[in-house]
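Summary of the model geometry
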Amino acid sequence: MSTAHSALPPFEYIRPADLDAASRFLTQHPDDARILAGGTDALTRLRTGGWGARYLVDVKHLPGMRAVSYDAAGLRIGAAVTLNALIAAPEVHAHAPVLAEAAAAVAAYPLRNRATLIGNICNASPGGDLLGPCLALEAEAEIYGPAGERRASLATFWRGPGQIDLGPGEVVTALRIAPPAGHHAHYRKLGRNSLGDLAIVGVTALGYPDPTSPSGARFRVALTAVAPTPLRAIEAEALLASGPLGAAVLEQAAAAAEAACRPIDDLRGSARYRRLMVRRLTLQAVFQVWDELKADADNAEEARRR
């Protein structure tokens, strides 16, 4: 009897006792060992032949891998934190709610019970839903390897589709985020349907008050699914900080975001369509962030007058 899916090829399940053991095993098997955290991509790639892995190295049980915490250094999200756990975490809602907003846009509830934030980042799909928010938040990856611990900015972590800045034996253990005070951020996604489809275009806008800025605020605009890696629309960000904000400036910033992207034509959308949607979604996201920053300023002024 034929089946709709290919059978999984044989592989060996490895459960290391600690990070040292995991790193040693990965170093000894650089070409045929892969990390297992959520597994949503790992099992699919094994099934389709995309990976030639003989070993899956499970790190979910290691200390801190499932933890979400916040301290003076910011937000820490362990590598095995699932997307549904991310959505439910009070620390995320208090300090980086755009992550929960973007996580809710990923696939369906059952898959989010397995999929992880770090898996989304390390998969390095140009259209990954969490990549834009993490880039706008200027997140860093905590990495453990043969040389010890290091951190890598996500701005340089992605090298291309499916390519990341990890050396032999290195494991991403967590994501670190130090959100700017008083920030607001939103993720806008265009898919072929509203039920967790892959992004045709993704836009994240983040803004926070800054009295040294001519506009009174600083903005970050991150684009996904429109270039080989996620990117910041630097010219758009500069325009939004350059002077008093109004509809004309926001329109100019949206046009600058459109100019920054480098989309391709494929079955899911043309390059021209993607560019136009970058402009539209950037305008929507920046307008919403600006409105929320203005509301905060108005509330603070009202409180001072009392």
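Thresholds applied
- Residues numbered from 1 in each chain as written.
- Predicted model: local features only at pLDDT ≥ 70, side-chain atom pairs only at ≥ 80, totals over all residues.
- Heavy atoms only, no water.
- Helix = DSSP H or I, 4+ residues; strand = E, 2+ residues; numbered from the N terminus.
- Rg over C-alpha atoms; globule rule 2.2 N^0.38 Å.
- Areas by Shrake-Rupley, 256 points an atom, 1.4 Å probe, with all protein chains shown as cover.
- Lys, Arg positive; Asp, Glu negative; His and termini not counted.
- Charge placed at Lys NZ, Arg CZ, Asp CG, Glu CD.
- Axes fitted to C-alpha atoms, helices over the stretch in contact; angles between N-to-C directions.
- Parallel < 35°, antiparallel > 145°, perpendicular 65-115°, else oblique.
- Left-handed = near helix turned anticlockwise from the far one by under 90°.
- Contact = heavy atoms within 4.5 Å.
- Nonpolar A, V, L, I, M, F, W, Y, C, P; charged D, E, K, R; others polar.
- Pairing = 2+ DSSP bridges.
- Buried < 20%, exposed > 50% of the residue type's maximum accessible area, 1.4 Å probe, protein only.
- Patch = residues over 30% accessible without salt bridge, like charges linked within 9 Å, V, L, I, M, F, W, Y side chains within 5 Å.
- Salt bridge = Lys/Arg side-chain N within 4 Å of Asp/Glu carboxyl O.

Before going further, it helps to spend a moment on the overall build of the chain. For the chain, the helix and strand inventory stands at 12 helices and 14 strands. Against the 2.2 N^0.38 benchmark of 19 Å for 306 residues, the chain shows a C-alpha radius of gyration of 20 Å, consistent with a compact globule. Along the first, second and third principal axes, the C-alpha set of the chain runs to 65 × 45 × 30 Å. As presented, the chain carries roughly 14600 Å² of accessible surface, and 54% of it is formed by carbon and sulfur atoms. The average position of the 32 basic charges and that of the 31 acidic charges among the side chains of the chain differ by 4 Å.

Before going further, it helps to spend a moment on the packing of helix α11 (residues 247-260) against helix α12 (residues 271-305). Where α11 meets α12, the closest approach of the two axes is 8 Å, and the angle between their N-to-C directions is 140°. When the axes of α11 and α12 are compared, the pair comes out oblique. Crossing geometry of α11 relative to α12 is assigned as right-handed. On α12, the residues touching A247, L250, E251, A254, A255, A257 and E258 of α11 are R275, L276, V278, R279, T282, L283, V286, F287 and W290. Classifying every residue of the contact of α11 with α12 gives 11 nonpolar, one polar and four charged.

Let us now look at the sheet that holds strand β3 (residues 55-58). Sheets are built from strands that pair by backbone hydrogen bonding, the pairs being arranged parallel or antiparallel. If you walk across this open sheet you meet the three strands as β1-β3-β2, and the pairing is parallel. Here the strands that pair on one side only, and so sit at the sheet edges, are β1 (12-14) and β2 (33-36). When the angles between neighbouring strand axes are averaged without regard to direction, this sheet yields 30°. Pairing of β2 with β3 involves four bridges; the strand directions are parallel. By the bridge assignment for β3, R34 is matched with L56. Relative to β3, helix α1 (residues 19-28) is tilted by about 160°, and along the sheet it contacts β1, β2 and β3.

Quick look at unusual backbone geometry now. With phi around 45°, A107 is a residue other than glycine that occupies positive phi space. Relative to the helices and strands, A107 resides in the loop between α5 (97-103) and α6 (109-112). Residue classification places A107 among the partly exposed positions, given a relative accessible area of 25%. Positive phi, close to 70°, is recorded for A225, a residue that is not glycine. Among the structural elements, A225 can be located in the loop between β13 (217-224) and β14 (231-232).

So, on to a nonpolar patch on the surface. A contiguous nonpolar patch, built from L8, F11, Y13 and L43 and spanning about 330 Å² of accessible area, is present on the exposed surface. Relative to the elements of secondary structure, F11 occurs in the segment before β1.

Mapped onto the elements of the fold, T229 is located in the loop between β13 and β14. For T229, a relative accessible area of 18% gives the class buried. With near-sequence residues (within four places) excluded, T229 lies in contact with W158, R159 and G160.

Further remarks concern the sheet that holds strand β11 (residues 184-190). Ordered by their spatial adjacency, four strands build an open sheet running β11-β12-β13-β14, and the pairing between neighbours is antiparallel. Looking at strand neighbours, the two that pair on one side only are β11 and β14, the edges of this open sheet. Of the pairings in the sheet, the one linking strand β12 (residues 201-209) to β13 comprises eight bridges and is antiparallel in character. Residue pairing across strands places V203 opposite L223, the latter belonging to β13.

Here L135 is to be found in helix α8 (residues 131-136). Between the alpha carbons of L135 and D296 there is a distance of 24 Å; along the sequence they are 161 residues apart. Those residues in contact with L135 that sit more than four places away from it in its chain are L154, A155, W158, A222, P230, L231 and R232.

Counted by the stated rule, this structure contains 22 salt bridges. A salt bridge links R76 to E142; the nearest nitrogen and oxygen atoms lie 3.2 Å apart. On the criterion of sequence distance, the pair formed by R76 in strand β5 (residues 74-78) and E142 in strand β6 (residues 140-145) is long-range, its members being 66 residues apart. When sorted by exposure, R76 lands in the same class as E142, which is buried. For D129, the salt bridge is made with K189, and the minimal N-O distance between the two is 3.1 Å. Of this pair, D129 sits in the loop between α7 (117-123) and α8 while K189 sits in strand β11, and the two are 60 residues apart along the sequence. Judged by its relative accessible area of 6%, D129 is buried.

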